[in-house]
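Commentary on secondary and tertiary structure
Spelled out from the first residue to the last, the chains are:
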Amino acid sequence: MSAREAAATAMTEAEEPGGRKNSSSPRPIPVVGVVTEDEEAKGMFKPMDLIRIIKLLEETDKDDLEEKQLKSVKKLVQYYQNGLPLRDLAQIFKVLSLCAEKIENQPHFIDSTYDILKLCGLPFLKKKASDEITYAEDTANSIALLGDLMKIPSSELRIQICKCIVDFYHAEPPKKHIPGYQQVSSSFKIQMAEVGGLAKTMVQSMTLLEYQLVEKLWVLKVLQHLSTSEVNCTLMMKVQAANGICAHLNDPDPSGQLLFRSSEILWNLLEKSSKEEIIQQLSNLECLLTLKEVFKNLFMRGFSHYDRQLRNDILVITTIIAQNPGAPMIECGFTKDLILFATFSEVKSQDPLVKGLKLSNSYEDFELKKLLFNIIVILCKDLPTIQLLIEGKVILALFTYVKKPEKHKIIEWSAAQHEELQLHAMATLSSVAPLLIEEYMSCQGNARVLAFLEWCENEDPFFSHGNSFHGTGGRGNKFAQMRYSLRLLRAMVHLEEETINVDLCEKGTIQQLIRIFKTIISKPNEKEEAIVLEIQSDILLILSGLCENHLQRKEIFGTEGVDLILHVMKTDPKKFQSGLGYNVLLFSTLDSIWCCILGCYSSEDYFLEKEGIFLLLDLLALNQKRFCNLILGIMVEFCDNPKTAAHVNVWRGKKDQTAASLLIKLWRKEEKELGVKRDKNGKIIDTKKPLFTSFQEDQKFMPLPANCPSIAVMDVAENIRAKIYAVLGKLDFENLPGLSAEDFVTLCIIHRYLDFKIGEIWNEIFEEIKLEKLRPVSTDKKVLETITTASENIGKMVASLQSEMIESQVRQDVQNEQKVYAKIQATHKQRELANKSWENFLARTSNAKTLKKAKRLQEKAIESSRYNERPQNATFHQTDIKGLNTTVPSGRVVTVESTPARFMGGPLADTDIALKKLPIRGGALQRVKAVKTLNEPKKSIPT
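Parameters at a glance
- Residues numbered from 1 in each chain as written.
- Predicted model: local features only at pLDDT ≥ 70, side-chain atom pairs only at ≥ 80, totals over all residues.
- Heavy atoms only, no water.
- Helix = DSSP H or I, 4+ residues; strand = E, 2+ residues; numbered from the N terminus.
- Buried < 20%, exposed > 50% of the residue type's maximum accessible area, 1.4 Å probe, protein only.
- Contact = heavy atoms within 4.5 Å.
- Areas by Shrake-Rupley, 256 points an atom, 1.4 Å probe, with all protein chains shown as cover.
- Disulfide = S-S within 2.5 Å.
- Core = buried A, V, L, I, M, F, W, Y, C linked by side-chain atoms within 4.5 Å.
- Patch = residues over 30% accessible without salt bridge, like charges linked within 9 Å, V, L, I, M, F, W, Y side chains within 5 Å.
- Salt bridge = Lys/Arg side-chain N within 4 Å of Asp/Glu carboxyl O.
- Expected span 1.5 Å × (residues − 1).
- Phe/Tyr/Trp six-rings, centres within 6.5 Å; stacked < 30°, edge-to-face > 60°.
- Lys NZ or Arg CZ within 6 Å of the ring centre and 35° of its normal.
- Pairing = 2+ DSSP bridges.
- pLDDT = per-residue confidence, 0-100.
- Axes fitted to C-alpha atoms, helices over the stretch in contact; angles between N-to-C directions.
- Parallel < 35°, antiparallel > 145°, perpendicular 65-115°, else oblique.
- Left-handed = near helix turned anticlockwise from the far one by under 90°.
- Nonpolar A, V, L, I, M, F, W, Y, C, P; charged D, E, K, R; others polar.

1. Some details on the overall build of the protein
Along its length, the protein carries 44 helices and five strands. Taking all 943 residues of the protein together, the buried fraction comes to 43%. Look at the contacts in the protein between residues 6 or more apart in sequence, and 74% of them connect residues 24 or more apart. Carbon and sulfur atoms form 53% of the exposed surface of the protein, whose accessible area is close to 52,700 Å².

2. Observations concerning the state of the cysteines
The final tally for this structure, using the stated rule, is zero disulfides. Cysteine Cys 162 is unpaired, with the sulfur of Cys 164 as its nearest cysteine sulfur at 9.6 Å. By relative accessible area, Cys 162 is classed as buried at 1%.

3. Considering the nonpolar core
In this structure, Leu 146, Met 202, Leu 223, Ile 593, Leu 616 and Leu 728 are the most contacted members of the largest nonpolar core, which totals 230 residues. Considering each element in turn, this core owes the most residues, ten residues, to helix α29 (residues 529-547). Look past the residues within four positions of Met 202 in its chain and what remains in contact with it is Gly 147, Met 150, Cys 162, Ile 165, Val 219, Val 222, Leu 223 and Leu 226.

4. Some words on a nonpolar patch on the surface
Together, Leu 754, Ile 758, Trp 762 and Ile 765 give the surface a local cluster of nonpolar side chains, amounting to about 320 Å² of exposed area. Since its relative accessible area comes to 39%, Ile 758 is described here as partly exposed.

5. Remarks on helix α23 (residues 415-432)
Residues lying three or four places apart along an α-helix face the same way, a consequence of the helix completing one turn every 3.6 residues. Compared with the 26 Å implied by 1.5 Å per residue over 18 residues, the 25 Å span of α23 between its first and last C-alpha is a close match. In terms of burial, α23 is largely enclosed, as 14 of its 18 residues are buried.

6. Here's the deal with the packing of aromatic side chains
By the definition in use, this model includes 18 aromatic pairs. Between the aromatic rings of Tyr 725 and Phe 733, the centroid separation amounts to 6.0 Å while the plane-to-plane angle is 35°, which identifies the pairing as tilted. Accessibility expressed as a relative area gives 13% for Phe 733, which makes it buried. Ring pairing ties together the aromatic residues Phe 295, Phe 299, Phe 334, Phe 341 and Phe 344, which thus form one cluster. The aromatic ring of Phe 124 is capped on one face by Lys 189, whose charged end is 4.3 Å from the ring centroid. Taking NZ or CZ as reference, Arg 626 lies 5.2 Å from the ring centre of Phe 627, over its face.

7. With respect to helix α31 (residues 582-596)
Taking 1.5 Å per residue, 15 residues should reach 21 Å; α31 reaches 20 Å between its end C-alpha atoms and fits that length. Residues of α31 that are buried: Tyr 582, Asn 583, Leu 585, Leu 586, Ser 588, Thr 589, Leu 590, Ser 592, Ile 593, Cys 595 and Cys 596.

8. Some details on unusual backbone geometry
Phi at Gln 444 takes a positive value of approximately 55°, unusual for a residue other than glycine. Along the polypeptide, Gln 444 turns up in the loop between α24 (437-442) and α25 (445-457). Overall, Gln 444 belongs to the partly exposed group, its relative accessible area being 46%. Within the chain, Glu 496 stands out as a residue other than glycine whose phi angle is a positive 60°. The residue Glu 496 is located in the loop between α26 (479-493) and α27 (498-506) in this model. Relative accessible area serves as the criterion here: at 64%, Glu 496 is assigned to the exposed category.

9. Section: the sheet that holds strand β3 (residues 182-183)
In spatial order, the strands read β1-β2-β3; together these three strands make up an open sheet with mixed pairing. The outermost strands of the open sheet, each flanked by one partner alone, are β1 (84-85) and β3.

10. Comments concerning the confidence of the model for the protein
On average, the protein scores 84 in pLDDT, and the residues at 70 or more come to 86%. Residue range residues 908-943 is modelled with pLDDT below 50. Its contacts to residues more than four positions away, or to other chains, number 21 contacts.

11. A short note on the packing of helix α9 (residues 155-168) against helix α12 (residues 213-226)
Packing of α9 against α12 leaves a shortest axis separation of 9 Å and a crossing angle of 20°. Considered as vectors, α9 and α12 are oriented roughly parallel to each other. Once α9 is placed against α12, the crossing between them reads as left-handed. Residues Ser 155, Arg 158, Ile 159, Cys 162, Lys 163, Ile 165 and Val 166 of α9 form the contact with α12, whose participating residues are Val 214, Glu 215, Trp 218, Val 219, Lys 221, Val 222 and His 225. Residue classes in the contact of α9 with α12 are distributed as eight nonpolar, two polar and four charged.

12. Focus on the side chain of Asp 743
Turning to its location among the elements, Asp 743 is positioned in helix α40 (residues 741-751). A relative accessible area of 3% places Asp 743 in the buried class. Residues within four places of Asp 743 in sequence aside, it is in contact with Ser 661, Ile 664, Arg 668 and Gly 738.

13. Section: the packing of helix α36 (residues 659-674) against α40
Packing of α36 against α40 brings their axes to within 10 Å, and their N-to-C directions diverge by 70°. By the angle between their directions, the pair α36 and α40 is classed as roughly perpendicular. Where α36 approaches α40, its residues Ser 661, Ile 664, Trp 667 and Arg 668 are matched on the opposing element by Glu 742, Asp 743, Thr 746, Leu 747, Ile 749 and Ile 750.

14. Section: the pattern of salt bridges
Applying the stated criterion across every chain yields a total of 30 salt bridges. With a closest N to O distance of 3.1 Å, Glu 673 and Lys 625 form a salt bridge. Of the two residues, Glu 673 sits in helix α36 while Lys 625 sits in helix α34 (residues 625-638), which places them 48 residues apart along the sequence. One network of salt bridges, in which partners are shared, links Glu 671, Arg 678, Asp 715, Arg 721, Lys 757 and Glu 760.

15. Let's talk about the environment of Cys 748
Structurally, Cys 748 can be placed in helix α40. The class of Cys 748 is buried, set by a relative accessible area of 9%. Remark: the alpha-carbon pair of Cys 748 and Ala 799, spanning 51 residues in sequence, is separated by 8.6 Å. Among all residues touching Cys 748, those that are not within four sequence positions of it are Val 798, Leu 801, Gln 802 and Met 805.

16. Looking at the side chain of Gln 160
Here Gln 160 lies in helix α9. Ignoring anything within four residues of it in the chain, the contact list for Gln 160 reads Tyr 114, Leu 117 and Lys 118.

17. Considering the environment of Cys 628
Mapped onto the fold, Cys 628 is located in helix α34. Taking the C-alpha atoms as reference points, Cys 628 and Asn 719, separated by 91 residues in sequence, lie 9.9 Å from one another. Each residue touching Cys 628, except ones within four places of it in the same chain, is listed here: Leu 620 and Leu 666.

18. Re the environment of Leu 566
Residue position: Leu 566 is located in helix α30 (residues 551-569). Residues Leu 566 and Phe 607 lie 41 residues apart in sequence; the distance between their C-alpha atoms is 8.1 Å. Setting aside residues no more than four positions away along its own chain, Leu 566 makes contact with Phe 607, Lys 610, Gly 612 and Leu 615.

As structure tokens, then:
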């Protein structure tokens, strides 16, 4: 038995039934341990028998029990007035639960329950650092009990529960420091509320407060705090919190707190839980009708700063809901009202909702205008909305912003605001106008945009602010306006609506766009390079859309347009990796070659004259996969021009690479990526399926409808092999320059690409017949077998030809290797002779005996070279040079005695032959001080 239990037993024995104390007891023992004055002064906790209090509250068979129970609870409240230790928390909340259960039959326990709830708002205390972990489960279960207590039909208790939970988020230090205890971390209570699922029970309690405004506001305040956590938001989402809160947004509330707190909770739910699920909960008629009424009231009657902010928040929530195609925006009439509110200031309306309304230039109204433009873009994705957009004259309203600023005109917005709304309106038109073609044309849309574009092009002073998202890169210039004008034109042109495109061409759009492009490239702007590149790309895309399949428009595009394309193609290839948009510009350029040049012979010839094919091949040599397919397609079309082949064959890349070699290299790379089976020399392995990719190998044959392309047919369009075959075929397979043996091996396969592909298709037909269990007639069966065999024979023939080429190359390589070895051997032999000669030379210069021996050999050789019999009257020349002081044999200079001394100038003057320039006088060598050459005129020699 513990000391606490022994004291309780002694106390029970000492008392009489009437409450009098037994005189035999030495001293009175209290029911519970209380804090004495000295201990209270020290601020210490003395152990308290909470188990005894719980047992006392559980008893029901004594007459004066209620008084004792209330007294014990009162002492408990007094005892823990400075905070609740974590170790006692479970028992304290058990006491709270017992008190709450007694309220229905014993109303006096309301005060006791209220007092204990006040304690729950006090700091939780820990004695050890590990208490937060040790008592985590008990704490979570205890806090969860607060949500369950909301079922008690007492306004006072419900409000106190809410106050207690709100205090979790505004932790205060203990009133009095208690030695040995510390306050738990500020986030501990919040975490335990998440673990205990308090948010879920608080949401469920909302159903009990249908007509109790004060309690409802307190619960919303609690949920507002709880919804700052992702965990709590997920719990709230599971019990349909968004639907329940939104449905009551428009409930009567003089304070205005209900709408504010509810909108805040909805914001948090959208941000911190599954956005899709919350949108689904709000996408019902009840919620949207409530949002509609709230927004209308705030729009028409909200004049304060707070009301306008709340109005905008509601509109943003509505915008998010409108992204769901299943939301009944039209059915509830919200779409029609939003369109009306978005356009009433530009298009006069007699609707009573907007009669007399006017937006100010305050920040909130400005944001509202932008939000309304934004929601129109979202609403127009639902096709039934189009009729409402027509009735609301949305196109006309938006076009009121597409015009140059008018001087001295009073406008309701500031200059910066008007510019931002102008750009936003143009961005909205890019989404809405393609859906409303008739309205666009009736408003003279093309004329308005081109006039505005002309203003963007001229050099009139205009100081734009460039403050907004749409105004990026447009500070101090008109790039932002030009950018969105071209976006709108691009959207309209790519509808391929002939009435729009004809109208644009009649208004000189092609010439105007070319002029704008030339102006831009003549004035490079590095600060706004990304914006300029986007403008250039859009111009080329618009021109492509206008000129495609129209020869007359291609002729208008003409040489000026070709020059622009060539200018872009000469861009430094390093810029394609910059991320600024050069890749997009190049794609637009290649597209414009296809649409604006091909098919017009004059433009094609001019493109070839300006070395356009060379530039295309340079781009192809960059080996960037995203460009190869498009470039090869252009090359195939260009090769129809008879002048193209000469240009292609003349081109040379790095290391003198030819176009044919480049194309074959691309073929090999493509086959490697596709997983085509080839040996190390590039030879065919499977003669039955020489072109099969790894994807085709993995796919199983299956019967397909006649209008559905098979895998073999799809393979033609999904890689570049067919285009390479077409280009090489138009260049003539037999006369391709600059190919290696490896290239010739690959070329054998390319040459037979069409035969192999036909064989693949027939093989598919044969397999489909088998799968469908059809039996062809004998003639058809024989034809199928013959075709299959012929296709396989072609594969074997190509493989055999490849083998011969490979063997021939091996022999050639051996011969070349032998030649190289012979050359190396000769070089080594020459080097050995040179070394031996040098060693002999050193020996002669360092050893007198060797020198004498060499001298004798030299003299012997000289003597042996002479005639044995000297001819008569012959002059003998002495071969030795007298006075020569060298240790090596003499060179090629000799003294001829028969030469007169007057020509020689003496016996060679000590044999000084190291002159830089030897003058010739009379055929002999002389030492002179200087040599001077005069360009004297030639004199005629008299005969």
